[in-house]
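What follows is the residue order along each chain.
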Amino acid sequence: MKAPFFRTCAKKTLLSLLICLNMVILAHAGDWVLAAREFTFTQSLPHSQSELSLCKMIPSLILEQLNTDTRRIPPADELNAREYEELLQKRQSLFLELSAAVKRRDSVMVQEANAKTIKKKIAEEEKKIAELEKKIKENLDESAKYLPESNPNAGAVSDSAENEAEVLPGAEKLVLYKNESSSLYVPSKEAMAEGVNSRRYEKAVIDSKINALVSGSITIYGNYLSVSAELILYPGAKPIATVMEVGSMDDIGRLSRSVAQKILPVIANTTGTSLHFEIEPAELASKARVTVDGLPVKIDNPVIVPASTHTIEIQCQGYVTQTVTYLFQDSPHFVIHVPLKEQSEGSFSVMLKEPVDGQLYFNSTAIGNAIEGAQVSINGRNIIGQLALPDKDTFFLIPPTLQMPQANLVVPAVPQDLNAEIEKRRIWSYRGYTALILTLPFTFYSMGHYNSAANAYMSASIPYEEVHKWDVLRWTSLGLTVAAAGFFVYELVRYLCTANKALPVKAREAKPGELEEINARVFQIKNDASSDPVKEDSAEDGQDIKE
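The structure displayed is predicted, hence computed values, not measured ones.

The rules behind the values
- Residues numbered from 1 in each chain as written.
- Predicted model: local features only at pLDDT ≥ 70, side-chain atom pairs only at ≥ 80, totals over all residues.
- Heavy atoms only, no water.
- Axes fitted to C-alpha atoms, helices over the stretch in contact; angles between N-to-C directions.
- Helix = DSSP H or I, 4+ residues; strand = E, 2+ residues; numbered from the N terminus.
- Parallel < 35°, antiparallel > 145°, perpendicular 65-115°, else oblique.
- Left-handed = near helix turned anticlockwise from the far one by under 90°.
- Contact = heavy atoms within 4.5 Å.
- Nonpolar A, V, L, I, M, F, W, Y, C, P; charged D, E, K, R; others polar.
- Core = buried A, V, L, I, M, F, W, Y, C linked by side-chain atoms within 4.5 Å.
- Buried < 20%, exposed > 50% of the residue type's maximum accessible area, 1.4 Å probe, protein only.
- Expected span 1.5 Å × (residues − 1).
- pLDDT = per-residue confidence, 0-100.
- Pairing = 2+ DSSP bridges.
- Patch = residues over 30% accessible without salt bridge, like charges linked within 9 Å, V, L, I, M, F, W, Y side chains within 5 Å.
- Areas by Shrake-Rupley, 256 points an atom, 1.4 Å probe, with all protein chains shown as cover.
- Salt bridge = Lys/Arg side-chain N within 4 Å of Asp/Glu carboxyl O.
- Phe/Tyr/Trp six-rings, centres within 6.5 Å; stacked < 30°, edge-to-face > 60°.
- Lys NZ or Arg CZ within 6 Å of the ring centre and 35° of its normal.

### Remarks on the packing of helix α2 (residues 49–66) against helix α8 (residues 252–267)
Axes are the key here: two packed helices are described by the angle between their axes and the distance separating the axes. Contact pair α2 / α8: the axes reach a minimum separation of 8 Å and the direction vectors enclose 50 degrees. Between α2 and α8, the angle is such that the two are oblique. Helix-helix and strand crossings are classified by hand; for α2 and α8 the assignment is right-handed. On the side of α2, the interface is formed by Leu54, Met57, Ile58, Leu61, Ile62, Gln65 and Leu66, while α8 contributes Ile252, Ser256, Arg257, Val259, Ala260, Ile263, Leu264 and Ile267. Here the contact of α2 with α8 is built from residues that sort into twelve nonpolar, two polar and one charged.

### Here's the deal with the packing of helix α9 (residues 418–458) against helix α10 (residues 464–500)
Running from N to C, α9 and α10 cross one another at 160 degrees; their axes reach a closest spacing of 7 Å. In this view, α9 runs roughly antiparallel relative to α10, as classed from their interaxial angle. The two elements α9 and α10 meet at a crossing, and its hand is left-handed. For the contact of α9 with α10, the per-class residue count stands at 27 nonpolar, nine polar and seven charged.

### Considerations on the nonpolar core
Ranked by size, the top nonpolar core spans 32 residues in total, and within it Leu34, Ile58, Ile218 and Leu225 carry the most contacts. Listing elements by their share of this core, those giving two or more residues are β1 (31–36), α2, β4 (172–176), β5 (212–221), β6 (224–233), β7 (238–248) and α8. No other element matches the seven residues that α8 contributes to this core. Sequence-distant contacts of Ile58, that is, excluding residues within four places in its chain, are made with Phe39, Ile218, Leu225, Val227, Ile252 and Ser256.

### Topic: α2
Helix length check: α2, at 18 residues, gives a terminal C-alpha distance of 27 Å against a target of 26 Å (1.5 Å per residue), a fit within 8%. Among the residues making up α2, those that are buried are Glu51, Leu54, Cys55, Ile58, Pro59, Ser60, Ile62, Leu63 and Leu66. For α2, the elements touching its buried residues are β1, β2 (40–41), β4, β5, β6 and α8.

### Concerning the confidence of the model for the chain
In the predicted model, the chain carries a mean pLDDT of 80, and 85% of its residues have values of at least 70. Note on residues 1–29: pLDDT is under 50 here. Beyond four places in sequence and across chains, it has zero contacts. Counting contacts from residues 541–547, a segment whose pLDDT is below 50, to residues more than four positions away or on other chains yields zero contacts.

### A short note on the sheet that holds strand β8 (residues 273–280)
In space, the three strands of this open sheet follow the order β11-β8-β14, with mixed pairing throughout. Sheet topology places β11 (303–305) and β14 (333–339) at the edges, where each strand pairs with a single neighbour. When the angles between neighbouring strand axes are averaged without regard to direction, this sheet yields 30 degrees. Two strands pair when backbone bridges link them, and β8 and β11 are joined in this way by three bridges, in the antiparallel orientation. Paired with Leu275 across the strands is Val303, a residue of β11.

### With respect to a nonpolar patch on the surface
A surface patch of nonpolar side chains, about 380 Å² in accessible area, is lined by Tyr457, Met458 and Tyr464. Inspection of the secondary structure assignment puts Tyr464 in helix α10. Tyr464 sits in the partly exposed class, given a relative accessible area of 47%.

### A short note on the packing of aromatic side chains
Applying the stated criterion across every chain yields a total of nine aromatic pairs. Taken together, a centroid distance of 6.2 Å and an interplanar angle of 80 degrees make the contact between Trp428 and Phe487 edge-to-face. In this pair, Trp428 sits in helix α9 while Phe487 sits in helix α10, placing the two residues 59 residues apart along the sequence. Between Arg91 and the ring centre of Tyr84, over which it is positioned, the NZ or CZ distance is 5.7 Å.

### Remarks on the pairing of strand β19 (residues 383–388)
Relative to β19, strand β16 (residues 359–362) runs antiparallel, the two sharing four bridges. Counted as the bridge partner of Gln359 is Ala388 from β19. As paired strands, β19 and strand β20 (residues 393–398) are joined by six bridges and run antiparallel to one another. When the bridges of β20 are listed, Leu387 appears paired with Thr394. Connecting β19 to the antiparallel partner β20 that follows it, the hairpin turn spans four residues.

### As for the pattern of salt bridges
Inspection of the entire model under this criterion finds 19 salt bridges. The residue Asp141 makes a salt bridge to Lys137 at a minimum N-O spacing of 3.2 Å. A residue pair is termed a helical-turn pair when its members lie 3 or 4 positions apart in one helix, as Asp141 and Lys137 do in helix α4 (residues 115–144) at four residues. The exposure class assigned to Lys137 is exposed, which follows from its relative accessible area of 52%. Glu466 is the partner of Lys469 in a salt bridge, and the nearest nitrogen-oxygen pair spans 3.3 Å. On the criterion of helical spacing, the pair formed by Lys469 and Glu466 is a turn pair, its members being three residues apart in helix α10. Overall, Lys469 belongs to the partly exposed group, its relative accessible area being 41%. It is possible to trace a salt-bridge network through shared partners that takes in Glu421, Arg425, Glu491 and Arg494.

Here it is, written out as structure tokens:
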């Protein structure tokens, strides 16, 4: 009786594994892999080591800029090329099988002496040959549908596809070759020997699961260089974009960003997203310097960018610089409203509510000892402060709204070993949960027996004392469970509150008389430090050594 059960379980397990494997395959089926190969020089001149390094540096920087959350809807000609390549691979495999079958048929006459056996084996091989020829013919008929001349509108992309490239189910996510920009594609020596336009080279790229390859050339004159980059689509080795850019040797990053920004709309096969800027006050629009991904742009007209993540920075002399990073997609137009605030000159003071002897940092810059507090220049941006002690630290936030000239701010930050405290509270919450789980079996056991005893008493099967015993046990175990549940909830709340302390506390304005109290504590700390006998002995020892 057990064998069918185990067989059924094995079948279910195997089915589950197959489903999981299929899900994994489908999860990776929508990737559009982009790679780049090392660039070459157009000049047959000796180049320095730094110039030679550009052949790898520039394509890597271009890939780094293209590594965005971009999706591509493959047009019809690209899908046709993929189908044709798949059918070609099958057709070549069938042809190899056909050649093997023909050779086996021709060798029958040599290997066999019996005429009847020869006739039988030849008939079997002829049957296999006919089946293979039929499959090859069907493959050829199917392949004819995907030839370029059979689809005159294959490369067309509808307007709806252009605007919905990020949301349509057919969109494929852009991923880099080997998932990193520094990994350039290196073809085999045999493929390179036959040339980049050869079938061997194309097959090597396709076998590497690459959908598009960036190749290019570099020309150098003095301190300036010209870069020509070409985006080649596979299968088919079809160039779909050619970009030329001129830049300085001292600013390779800007040149690479410019090339990537021109290639990205081609990859996403969309005209991109329009950015409309509204700067207040309006008279600053002509004076403001706007950059998108580090490249300056003019905002007189809408700025067209690929539908992906971009970093925008607006600078204007005398005003606070505004920076925003956002994923611009799912809409053909975005309005960016930028209210510029004047930079306030002056400074404000920051004191700890509980002065301690530690190091104070503002935006990762060391300020000084925390006992003295700090005088901070107004910059109109959030300031992340850190109070660091040898074994503990804490963070605090000073928002721009509090940064007023001559303002006196107080930070209610208490340094503590937060990691140890969170770990301690986590362990106690686990202990409360364990206690709750351990009481549940006794509660269920006693309640079940009580119900059984009550039913038996109603049928006059057992005396009342037996029911009373289980009733006492029931309430006792239930009380333990309730107590354990309360303890678990209490410890869980303490754990969550402790974990919430990881957020930086916010500075506030000093209350009336609060600064006097803080200064009094600071004076007391300094006075205690100066009268510390250990320090006095150390000072005397140092004096003796000098003498």
